[in-house]
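# Architecture at a glance
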Amino acid sequence: MRQFDRHPGEMRLFQVDVPAPAGLGLDMIAVPEGALLDLDLRLEVVSEGVYASGTVTAPLAGECGRCLEAIDTEVVVDVQELFVFPDSTTAETTDEEELPRLKDDTIDLEEVVRTAIVLALPPNPLCQPDCAGLCPDCGGRWDDLPDDHSHDLADPRWAALQALTSPDAPTGPPPTAVADSTGDQRPDRLKEN
């Protein structure tokens with residue numbers, strides 16, 4: 001951003017569009033590189049530096065964490081940061097990691113904007129709040145499938161029972177157990193002749 005005179009009370013309003021840097025976001029949702037960020041900021045000179053406040057509006061692109069549908073939306077975040085003068089008392093009593101410094105009376109907003117946007121992004125974005133996800137059997141989006149959608153997938157552990165109810169299954173009473181000459185019980189159809 002532009003240079004400042006060190007007169008406490010000086011204020012400047014900025015409304016500017018800047019291209020988004022690379023890697024601004026999370027794995028499933030992010031600001032596309034080069035997309036325009038709309039910065040609407042108020043910069044005020046205070047005794048220890050320049051206080052920047054305002055909003056940043058950024059376009060987002062990604063995919064839903066439940067149904068993988070494309071997401072195309074935007075996020076509006078608030079930014080507030082004090083950029084201290086390098087020779088101020090605040091600069092002498094704080095680390096650079098705590099508060100950013102003005103360099104040649106110029107402020108660099110990239111890290112402030114990046115932090116505000118990334119912290120506002122959901123780690124598991126949704127295309128809509130009540131997204132039902134995907135059918136586990138066919139992979140179709142539940143929101144696009146009819147209400148009576150189902151699959152007749154039999155559990156293989158029940159296949160033997162299902163065979164008994166099929167039209168080709170033998171009918172009649174179940175086999176009866178009889179004792180053979182050794183006294184063992186076994187079905188009569190297995191009885192040896």
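Our structure is the block above this text.
Owing to the predicted nature of the structure, the values given are computational and were not obtained by experimental measurement.

## So, the nonpolar core
Formed by 33 residues in total, the largest nonpolar core has its most connected members in V31, L37, V56, F83, L109 and I117. For this core, the secondary-structure elements that each account for two or more residues are β3 (36-46), β4 (49-63), β5 (70-84) and α2 (110-120). Apart from residues lying up to four places away in sequence, F83 is in contact with E48, G49, V50, A52, P100, R101, L102, I107, D108, L109 and V112.

## Thoughts on the layout of surface pockets
One number sums up the size of the largest pocket: a volume of about 280 Å³. Along its surface, the largest pocket is lined by 14 residues, and F83, P100, R101, D108 and E111 are the ones closest to its centre. Counting residues per element, the lining of the largest pocket draws most heavily on α2, which supplies three residues. Across the lining of the largest pocket, the residue classes tally to four nonpolar, one polar and nine charged. The space that makes up the second largest pocket amounts to roughly 180 Å³. Taken together, 13 residues form the lining of the second largest pocket, with V18, L37, L109, E110 and V113 sitting closest to its centre. Listed by contribution, the elements that provide at least two residues to the lining of the second largest pocket are β1 (11-19), β3 and α2. The dominant element in the lining of the second largest pocket, judged by the number of residues it contributes, is α2, at three residues. Residues of the lining of the second largest pocket, tallied by class, amount to ten nonpolar, no polar and three charged.

## Focus: the environment of G54
Summarising the element assignment, G54 is placed in strand β4. Between the alpha carbons of G54 and Q80 there is a distance of 6.8 Å; along the sequence they are 26 residues apart. Apart from residues lying up to four places away in sequence, G54 is in contact with D40, L41, V77, D78 and V79.

## A closer look at a nonpolar patch on the surface
On the surface, a cluster of nonpolar side chains totalling about 370 Å² of accessible area is made up of W158, L161 and L164. Relative to the elements of secondary structure, L161 occurs in helix α3 (residues 159-164).

Conventions and cut-offs
Residues numbered from 1 in each chain as written. Predicted model: local features only at pLDDT ≥ 70, side-chain atom pairs only at ≥ 80, totals over all residues. Heavy atoms only, no water. Core = buried A, V, L, I, M, F, W, Y, C linked by side-chain atoms within 4.5 Å. Buried < 20%, exposed > 50% of the residue type's maximum accessible area, 1.4 Å probe, protein only. Helix = DSSP H or I, 4+ residues; strand = E, 2+ residues; numbered from the N terminus. Contact = heavy atoms within 4.5 Å. 1 Å grid on protein atoms, 1.4 Å probe; cavity = no way out; pocket = protein on both sides within 12 Å on 5 of 7 lines; lining within 4 Å. Points joined across faces, edges and corners; volume = space filled by probe spheres on them. Nonpolar A, V, L, I, M, F, W, Y, C, P; charged D, E, K, R; others polar. Patch = residues over 30% accessible without salt bridge, like charges linked within 9 Å, V, L, I, M, F, W, Y side chains within 5 Å. Areas by Shrake-Rupley, 256 points an atom, 1.4 Å probe, with all protein chains shown as cover. Salt bridge = Lys/Arg side-chain N within 4 Å of Asp/Glu carboxyl O.

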